[in-house]
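Overview (structure and organization)
Okay, here's what each chain looks like letter by letter:
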Amino acid sequence: MPLNNNLARNLEVELPLQSPVAVPKETPIHTPLPRKSGITKVEKLLCGALLSIVFALIAISISLEISIASTNRALQDTNSSIATITTINDNLEQEVQELSRYDRVYKIANSQGLKMNEANVRNVTK
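Attention here is on the structure that accompanies the text. (Residues numbered from 1 in each chain as written. Predicted model: local features only at pLDDT ≥ 70, side-chain atom pairs only at ≥ 80, totals over all residues. Heavy atoms only, no water.)

In terms of regular secondary structure, the chain is built from 2 helices and 0 strands. Considering the chain as a whole, with its 126 residues, one finds that 0% of them fall into the buried category. When the accessible surface of the chain is totalled, it reaches about 13,500 Å², and 61% of it is carbon and sulfur. (Helix = DSSP H or I, 4+ residues; strand = E, 2+ residues; numbered from the N terminus. Buried < 20%, exposed > 50% of the residue type's maximum accessible area, 1.4 Å probe, protein only. Areas by Shrake-Rupley, 256 points an atom, 1.4 Å probe, with all protein chains shown as cover.)

Attention now goes to the layout of surface pockets. For the largest pocket, the calculated volume is near 190 Å³. Considering the residues around the largest pocket, the lining is formed by Ser100, Arg101, Tyr102, Val105, Tyr106, Ala109, Asn110, Leu114, Lys115 and Met116. (1 Å grid on protein atoms, 1.4 Å probe; cavity = no way out; pocket = protein on both sides within 12 Å on 5 of 7 lines; lining within 4 Å. Points joined across faces, edges and corners; volume = space filled by probe spheres on them.)

Our next topic: the pattern of salt bridges. In total, this model carries 2 salt bridges according to the counting rule given. With its nearest N and O atoms 3.7 Å apart, the salt bridge here joins arginine 73 to aspartate 77. Within this pair, arginine 73 and its partner aspartate 77 are both found in helix α1 (residues 41-99), separated by 4 residues, close to a single helical turn. Measuring nitrogen to oxygen at the nearest pair gives 3.4 Å for the salt bridge that ties aspartate 103 to arginine 101. In this structure arginine 101 comes out as partly exposed when scored by relative accessible area, which is 43%. (Salt bridge = Lys/Arg side-chain N within 4 Å of Asp/Glu carboxyl O.)

A surface patch of nonpolar side chains, about 470 Å² in accessible area, is lined by Leu50, Val54, Ile58, Ile62 and Ile66. Structurally, isoleucine 58 can be placed in helix α1. (Patch = residues over 30% accessible without salt bridge, like charges linked within 9 Å, V, L, I, M, F, W, Y side chains within 5 Å.)

Here we take up the packing of aromatic side chains. Summed over the entire model, instances satisfying the criterion amount to 1 aromatic pair. Geometrically, the ring pair formed by tyrosine 102 and tyrosine 106 is stacked, given 5.9 Å between the ring centres and 20 degrees between the ring planes. Placement of both tyrosine 102 and tyrosine 106 in helix α2 (residues 102-111) is noted, with a separation of 4 residues, approximately one turn of the helix. In this structure tyrosine 102 comes out as exposed when scored by relative accessible area, which is 57%. Taking relative accessible area as the criterion, tyrosine 106 reaches 38% and is therefore assigned partly exposed. (Phe/Tyr/Trp six-rings, centres within 6.5 Å; stacked < 30°, edge-to-face > 60°.)

Have a look at this one:
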């Protein structure tokens, strides 16, 4: 055969004689059946108890917040009324001081015809 021939050559290769290869039988692979991942009764009971506790805590928290808010409002009202009464008391004390000035009392006593007698005067202190 010439070297310039492009045709493929048929080569015969001698293979040693072997016994026929046994093809393994396909044995079925044991795959476990998929389990249903259901929730057990105990898990349901625990979830229900947990949800009940969470709901109770939320309700108690809201109740306490409302109670605190109303208490704060009552405290503010009390502080406001204390400030008002303190202002009124201060004004009344000032009025008492103005009305009990010595010259005013002496003038009223003279207009009523009273005379100053040192033996009848007592000093009163608070």
